[in-house]
Protein chains: 2
Amino acid sequence: MEYKFSDRVQSLKPSAIREIFKYAADPEVVSLSAGNPSPEAFPVKEIEEISKKLFEDNPIGVLQYGISEGYPLLRSALTEYMKEKHNVGTDEDDILITTGAQQIMDLTAKALVNEGDVIITEAPSFIGSLNTFRSYNAKLVGVPVESDGMDMTALENALKENKNSKIIYTIPNFQNPSGITMSLEKRKKMYALAKEYGVLILEDNPYGDLRYSGEYVPCIKSLDTEGIVIYAGSMSKVISPGMRVAYVIAPKPVFQKLVVCKQSNDVHTNMWAQMVCYEFMTKYDFDGHLEKLRRIYSKKAQYMMDLMDEYLVPLGITYSKITGGLFTMCSLPKYVDMPQFCKDAVLNKVCVVPGNAFLTDESLECHTFRVNFSTPTDEQLEKGIKLLAETAKKFIK
Amino acid sequence: MEYKFSDRVQSLKPSAIREIFKYAADPEVVSLSAGNPSPEAFPVKEIEEISKKLFEDNPIGVLQYGISEGYPLLRSALTEYMKEKHNVGTDEDDILITTGAQQIMDLTAKALVNEGDVIITEAPSFIGSLNTFRSYNAKLVGVPVESDGMDMTALENALKENKNSKIIYTIPNFQNPSGITMSLEKRKKMYALAKEYGVLILEDNPYGDLRYSGEYVPCIKSLDTEGIVIYAGSMSKVISPGMRVAYVIAPKPVFQKLVVCKQSNDVHTNMWAQMVCYEFMTKYDFDGHLEKLRRIYSKKAQYMMDLMDEYLVPLGITYSKITGGLFTMCSLPKYVDMPQFCKDAVLNKVCVVPGNAFLTDESLECHTFRVNFSTPTDEQLEKGIKLLAETAKKFIK
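Residues numbered from 1 in each chain as written. Chains lettered and ligands numbered in written order. Predicted model: local features only at pLDDT ≥ 70, side-chain atom pairs only at ≥ 80, totals over all residues. Heavy atoms only, no water.

Caption draft 1: The sheet that holds strand β5 (residues 149-150) of chain A, seen in detail. All names here are of chain A. The eight strands are arranged β2-β9-β8-β7-β6-β3-β4-β5 in an open sheet whose pairing can be described as mixed. At either end of the open sheet lies a strand with only one pairing partner, and these are β2 (93-98) and β5. Pairing between strand β3 (residues 118-123) and strand β6 (residues 165-170): four bridges, direction parallel. Bridge assignment links I120 to a residue of β6, and that residue is I168. (Pairing = 2+ DSSP bridges. Helix = DSSP H or I, 4+ residues; strand = E, 2+ residues; numbered from the N terminus.)

Shown next as structure tokens:
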């Protein structure tokens, strides 16, 4: 049989980083390439207790079909929480529970983007989202990220040049992969530009609660008086990614289309996971849990920065200071062949992600690589950074 | 803001049955319109026990990210089970765990169907799958269902007339909505036609284990020597639908594309649910559980047939004998206005699904309605069928 696949998946090339991830599966390799929460960050005891109680109180609710919009109590709790804590969501919005935030990218692209339409993204940006957009044959236009977020002049040019732009996709807080947070000034500017050009903003905020230093910056959605921002929140980094629970707060007409797409996609999200999230958010100390996560991760972030200061910075490798989230980007001197460096690193038993994997055009010249500090133990972090330094020495003049 | 949605979702019209389902939410209305498993069919105690043990033994496995292909132990167990029990799957196939079987329809359409390509389906067929195919702007061509499955002459004509046919979608066992099972002869014929015309078969088999009478008929996938059948299995009707766990066994080249689509869709399926299914299948009496389900449902099916024989058949309403699954179709005399009958029924506090909802062209004349017997209690069944008879009397000459 000769298989004829759709045009949209034929354009999905296997990612350049897949080859490298194969090596990362080797237990001898220190992986700084993942984005998994730290095992110590999971509220295991609480979820175990909730799960037990759910089976005592409402087993049929856990096991029976639910509705596509999501578990009503979780929807209400999240609506209230996001309104109170982040001023996100108005009476003109509604909330849909999804099977992880990846599904929000899928449903949003499906509902809003025709093949060939443009999605403007930060460059670099989260590879998972880029691939989802690619899977709908969207044209990706990358806008460079500066130390305070997207270059707004370049964004305006991109909007001018691409009349069929439908969405500006942004991760405003502790962006994956760069770790950068967009300033309030730029958020306001982005909102004004989106309004001016009649384009929606997809604000992806999985790391917002994981701030370790600096001042809170309001969500773009909190500025939304005209119904142009779709807000994507996730439980993956604050409760558990294996549960696959996220939520999207969107203007009602968009919400209605997202629900139709959700229904034809997977009917509804796992009920147990939705109920566990609801119980944990409302009957346990959720704020205290977030505080605990920030303690765990800020300590790990500081430890990695200390290691990088000691071993990488003297070699001319720079990084952006970690103020939140799970990642930072390192920059090699311009004369270093970054892809070769990443390959040598993995042969040297440490795995990082080459920066070009996060570009809308992977073939562009690139001198960065992404490192993660949430998954490795402190011992692994130390070993990993030392191995990176050892690898770098061969490349540094 | 004026929202511009994609062409594919603009073509998704709100279904004619949604209006009717609104009434079904009224607790005073007896719903014969759902497709939910009976609450007594859930292995509550076992899942509670498994869940408790999972949190004792491997909480991080439950809560951490998994891989897109699915939980490896569940994949192996299902591969072995389907091979042994149904002769489904060869070394040329691979298995992917999905978030319910609806997602299999989504991933398959995404990977194989360009906008405007044809998917041939039974007419009537499962509305959820039809809507998923519509959401990719597939052109649906319906082939009438006879008492032993799809009309093979009409299928061959459809293949001849539609050179851009990509998939034949079939529910061969206890089809939703008709309850009909395709004969072995027709399965062989369908396979031969698919091979001849270079089209893949998507075999959707959620009800296969729920046979109450008659002889087992082999799966189409068990005939597959050329890699042209994609087999969709589901835990929704045999363990729990709220878990959202299904699996697709497909030729490796197709499997690989489905995995890429799955990854960009929701990364992976809820880990807890996958682990629970694995433990239940392998460490409990799964066959005994299926036997129990057949006992529960065959009793309910017989009870509904007795009620229909007593109250509906004398009015000239016919139905196809229930041999498995969760549904049957009733046929009104041709002179009865079926949509009006269904509307009057719901006002009379009993809800059924009008047959045209399951057609590729909902506007066609239609005299059938679907009834479900798995969700209502026996009391509700009796009340519902009596209310249907009461409603019918106004229409019957």
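Caption draft 2: Region of interest: the nonpolar core. Ranked by size, the top nonpolar core spans 266 residues in total, and within it A:W272, A:L388, B:W272 and B:L388 carry the most contacts. Those residues in contact with B:L388 that sit more than four places away from it in its chain are B:L32, B:L312, B:F341, B:A345, B:V350, B:V352, B:F369 and B:V371. (Core = buried A, V, L, I, M, F, W, Y, C linked by side-chain atoms within 4.5 Å. Buried < 20%, exposed > 50% of the residue type's maximum accessible area, 1.4 Å probe, protein only. Contact = heavy atoms within 4.5 Å.)

Caption draft 3: Seen up close, the pattern of salt bridges. Scanning all chains against the criterion turns up 40 salt bridges over all chains. In this structure, B:K110 and A:D106 form a salt bridge, with 3.3 Å as the shortest nitrogen-oxygen distance. With one member in each of two chains, B:K110 in helix α6 (residues 102-112) and A:D106 in helix α6 (residues 101-112) form a pair that bridges those chains. Taking the relative accessible area as the measure of exposure, A:D106 reaches 0% and is therefore buried. (Salt bridge = Lys/Arg side-chain N within 4 Å of Asp/Glu carboxyl O.)

Caption draft 4: Seen up close, the packing of aromatic side chains. As enumerated under the stated definition, the model contains 21 aromatic pairs over all chains in all. Look at B:Y71 and B:Y278: their rings are 5.9 Å apart centre to centre, the planes differ by 75°, and that puts the pair in the edge-to-face class. In this pair, B:Y71 sits in the loop between α4 (59-63) and α5 (72-86) while B:Y278 sits in helix α11 (residues 271-283), placing the two residues 207 residues apart along the sequence. Each member of the pair, B:Y71 together with B:Y278, is buried. A centroid spacing of 5.2 Å and a plane angle of 35° characterise the contact between B:F341 and B:F369, whose relative ring orientation is tilted. Taken together, the residues B:F341 in helix α13 (residues 338-347) and B:F369 in strand β14 (residues 368-372) connect sequence positions 28 residues apart. Taking relative accessible area as the criterion, B:F341 reaches 0% and is therefore assigned buried. Taken together through their ring pairs, the aromatic side chains of A:F55, A:W272, B:F55 and B:W272 make up a single cluster. Taking NZ or CZ as reference, B:K257 lies 5.4 Å from the ring centre of A:F5, over its face. The ring of B:Y335 has B:K397 lying over it, and the distance from NZ or CZ to the ring centre is 4.6 Å. (Phe/Tyr/Trp six-rings, centres within 6.5 Å; stacked < 30°, edge-to-face > 60°. Lys NZ or Arg CZ within 6 Å of the ring centre and 35° of its normal.)

Caption draft 5: Spotlight on the side chain of B:D117. All names here are of chain B. Among the structural elements, D117 can be located in the loop between α6 and β3 (118-123). For D117, the side chain forms a polar contact with the main-chain nitrogen of N114, separated by 2.9 Å. Within polar-contact distance, the side chain of D117 engages the side chain of K166 at 2.6 Å. In contact with D117, other than residues within four places in its own chain, are L112, A138, K139, N164 and K166. (Polar contact = N/O pair within 3.5 Å; in protein donor to acceptor, adjacent residues only side chain to side chain.)

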